[in-house]
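Next come the chains, spelled out residue by residue.
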Amino acid sequence: MLVTRGPRAAILAACASLLLAVSACGTTDKPEEAATPQVRLYGTDGNMQNSFAAELKDRADLVDGMKGTTPLTPLSDDFKQRLRTVDSKLTDYLYAAESYDAVMISALAAQLAGSTDPADIAKQIVGVTTNGQRCTDAASCLALARDGQDIEYRGPSLNRAGFTDLGEPATASYATLHFDNQKINDAKTEFVGAGDESGVSTKAAPKPKKQRGGRNDRSDGSPLILGGLLPKTGDLALAYPPLAAGVALAIREINAAGGVLGDPVTWFDGDDGTNPAVAKATVASHVKNKVQVIIGAAASGISAAVLPDVVAAGKILFSPSNTDAGLSQADDKGLYFRTAPPDSLQGRALADVILRDGPHRIVVVARKDSYGEGLQETVRAELERAGFGSDRVKLLTYEPPADAKAPPVDFGSLAGEIKNYKPEAVLVIGFGESAGLIKALADAGVPIRH
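Presented here is an overview of the structure given in this document.

Calculation notes
Residues numbered from 1 in each chain as written. Predicted model: local features only at pLDDT ≥ 70, side-chain atom pairs only at ≥ 80, totals over all residues. Heavy atoms only, no water. Axes fitted to C-alpha atoms, helices over the stretch in contact; angles between N-to-C directions. Helix = DSSP H or I, 4+ residues; strand = E, 2+ residues; numbered from the N terminus. Left-handed = near helix turned anticlockwise from the far one by under 90°. Contact = heavy atoms within 4.5 Å. Nonpolar A, V, L, I, M, F, W, Y, C, P; charged D, E, K, R; others polar. Expected span 1.5 Å × (residues − 1). Buried < 20%, exposed > 50% of the residue type's maximum accessible area, 1.4 Å probe, protein only. Salt bridge = Lys/Arg side-chain N within 4 Å of Asp/Glu carboxyl O. Phe/Tyr/Trp six-rings, centres within 6.5 Å; stacked < 30°, edge-to-face > 60°. Lys NZ or Arg CZ within 6 Å of the ring centre and 35° of its normal. Parallel < 35°, antiparallel > 145°, perpendicular 65-115°, else oblique. Polar contact = N/O pair within 3.5 Å; in protein donor to acceptor, adjacent residues only side chain to side chain. Pairing = 2+ DSSP bridges. Right-handed = clockwise from strand over helix to strand, strands pointing away.

1. What about the packing of helix 5 (residues 96–113) against helix 8 (residues 240–256)?
Okay, so step 1: Look at helix 5 against helix 8: their axes get within 7 Å of each other, and the N-to-C directions meet at 35°. Of the two elements, helix 5 crosses helix 8, and the hand of that crossing is right-handed. Residues Ala96, Ser99, Tyr100, Val103, Met104 and Ala107 of helix 5 pack against Pro242, Leu243, Gly246, Val247, Leu249, Ala250, Ile251, Glu253 and Ile254 of helix 8.
Okay, so step 2: Each residue belonging to the contact of helix 5 with helix 8 can be placed in one class, and the counts come to 12 nonpolar, 2 polar and 1 charged.

Below you can see the structure in the form of structure tokens.
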């Protein structure tokens, strides 16, 4: 009912009288129960994917109605089909394009450098994406690079603008995703751009070396060797299939186009375990096997943990999925790159998705690591900019499991705290383990909106 401002006092008085009358009738309804609002769930790139529903097992219906954002560009049917030739069971494509582009850029940088020395490759990586002749596939890009021409690579994830001086995308595309019937409803997916093309690097890379004969002269005489540092196990294992498919597809297409510097690209598999100890052991193995470029890690906190080891060994760490904005300023000696955009961009898109639903009180729950706490702070700042102070936003964190063998997180007390706060929106920033929080909320009697 639409009411004008004039009779507001009379209306308030009438409402007060009605409340008194109801109270006098001796109602047994509990005010605190009636006041408990329905809660809409929101997620991020760590859990907004089809495989996340399986983490809830027989309670997968709890994710229905959940919304969230993830770095994602509209992927062509052709690219998806090529990915499925690598993995026919693929159900998600999250970061598949970014892993594909990370491998492609690394290979093109080595070809332009005329060297497989990591320091030489690193000097070419930003330039591969800027100020040259545009190309979009392995065959044409490698042909230009072999001819000693500057190129401007555009791929499935890097299609608007190139890298900044820091070695990360200047612009990004985000998707707003919706869970319906225990899976992502593609028909509801919306895309929004973020970032600024003015941030693209204008620095000139070293002059490309033209390939003469079958091979370039290389300082170490070896082929280009890439090593994986991807989550085959651990909390982020649900993201492994698309990451691995993107890598495998890129290597297959590069080698079908003649390889790099006259040799096929070599790949050493490796697990980051979503665990620093596992990841460090994998890095040590890659160093022993003379890997020049390490593709990974998947989680920002894992990359932060292993980056000193990678830099000390003089190798390149190129992540397809790190989003912690703090990594932009890491002491990397120019050896760290990523195709995923920093969360300084995702935070704005995520806050907008939540605010569009009009909640009055919001809880933001995050993993206690660089990814979770970094994105939580970015979202908080964006909500504050929109007028949501600390009285309307509650921040909570939890310790993620140490490894895959650790007991699951006990989210009971956290769920109780959220219930008592009575929010209309709960943002869950986590990986596969965050399914436990959603089940705990339901067990605590929080009415999840579907």
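That shown, we press on.
2. Considering helix 11 (residues 343–355)
Okay, so step 1: In this model, helix 11 (13 residues) spans 18 Å end to end at C-alpha, consistent with the 18 Å of a helix rising 1.5 Å per residue.
Okay, so step 2: Listed as buried for helix 11 are Asp343, Leu345, Gln346, Gly347, Ala349, Leu350, Ala351, Val353 and Ile354.

3. Quick look at the pattern of salt bridges
Okay, so step 1: Across all of its chains, the model carries 23 salt bridges by this definition.
Okay, so step 2: The salt bridge involving arginine 356 is made with glutamate 190; its shortest N-O contact spans 3.7 Å. Here glutamate 190 lies in strand 7 (residues 190–195) and arginine 356 lies in the loop between helix 11 and strand 13 (362–367), a separation of 166 residues in the sequence.
Okay, so step 3: A salt bridge links glutamate 417 to lysine 394, with the nearest nitrogen and oxygen atoms 3.6 Å apart. Taken together, the residues span a long stretch of sequence, with glutamate 417 in helix 13 (residues 412–421) and lysine 394 in strand 14 (residues 393–398) at a distance of 23 residues.

4. Regarding the packing of aromatic side chains
Okay, so step 1: By the definition in use, this model includes 5 aromatic pairs.
Okay, so step 2: Considering the side-chain rings of phenylalanine 318 and phenylalanine 337, the 5.8 Å spacing of their centres and the 40° angle between planes classify their relative orientation as tilted. A residue pair is termed long-range when its members are at least 10 positions apart, and phenylalanine 318 in strand 11 (residues 316–319) and phenylalanine 337 in strand 12 (residues 336–338) qualify at 19 residues. You'll find phenylalanine 318 and phenylalanine 337 in the same group, each marked buried.
Okay, so step 3: Ring geometry for tyrosine 371 versus phenylalanine 431: centroids 5.3 Å apart, planes at 20°, classification stacked. Separated by 60 residues along the polypeptide, tyrosine 371 in helix 12 (residues 370–385) and phenylalanine 431 in the loop between strand 15 (425–429) and helix 14 (435–443) bring together distant segments of the chain.
Okay, so step 4: A residue is classified by how much of its surface remains accessible, and phenylalanine 431, at 3% relative accessible area, is buried.
Okay, so step 5: Sitting above the plane of the tyrosine 93 ring, lysine 80 keeps its charged end 5.3 Å from the centroid.
Okay, so step 6: Across from the ring centre of phenylalanine 388, 3.8 Å away, lies the NZ or CZ of arginine 392, which sits over that ring.

5. As for the packing of helix 9 (residues 276–288) against helix 10 (residues 300–312)
Okay, so step 1: Taken N-terminus to C-terminus, the directions of helix 9 and helix 10 make an angle of 30°; their axes are 9 Å apart at the nearest point. The angle between helix 9 and helix 10 falls in the class roughly parallel. The hand of the helix 9/helix 10 crossing is right-handed. Of helix 10, the residues touching helix 9 (which contributes Pro276, Ala279, Lys280 and Val283) are Ile302, Ala305, Val306, Asp309 and Val310.
Okay, so step 2: Across the contact of helix 9 with helix 10, the residue classes break down as 7 nonpolar, no polar and 2 charged.

6. Topic: the side chain of glutamate 152
Okay, so step 1: In this structure, glutamate 152 sits in strand 4 (residues 151–153).
Okay, so step 2: Here arginine 134 takes part through its side chain, which lies 2.7 Å from a polar atom of the side chain of glutamate 152.
Okay, so step 3: If we skip the residues at most four places from it in the chain, glutamate 152 touches Val128, Thr129, Thr130, Asn131, Gly132, Gln133, Arg134 and Cys135.

7. As for the pairing of strand 11
Okay, so step 1: Neither face of strand 11 is left uncovered, since the one carrying Ile316 and Phe318 and the one carrying Leu317 and Ser319 both have all their residues buried.
Okay, so step 2: When strand 10 (residues 293–296) meets strand 11, the two strands line up parallel, connected through 3 bridges. Directly across from valine 293, in strand 11, lies its bridge partner isoleucine 316.
Okay, so step 3: As for the winding sense of the linkage, the β-α-β connection from strand 10 through helix 10 to strand 11 is right-handed.

8. Observations regarding the sheet that holds strand 9 (residues 266–268)
Okay, so step 1: Taken in spatial order, the 5 strands make up an open sheet running 9-8-10-11-12, and their pairing is parallel. Either end of the sheet is taken by a strand with one partner, and the two such strands are strand 9 and strand 12. Between one strand and the next, the sheet's axes are offset by a mean angle of 25°, whatever the strand orientation.
Okay, so step 2: As paired strands, strand 8 (residues 225–229) and strand 10 are joined by 4 bridges and run parallel to one another. Directly across from leucine 229, in strand 10, lies its bridge partner glycine 296.
Okay, so step 3: Sheet contacts for helix 6 (residues 118–128): strand 10, strand 11 and strand 12; angle to strand 11, the most-contacted strand, approximately 35°.

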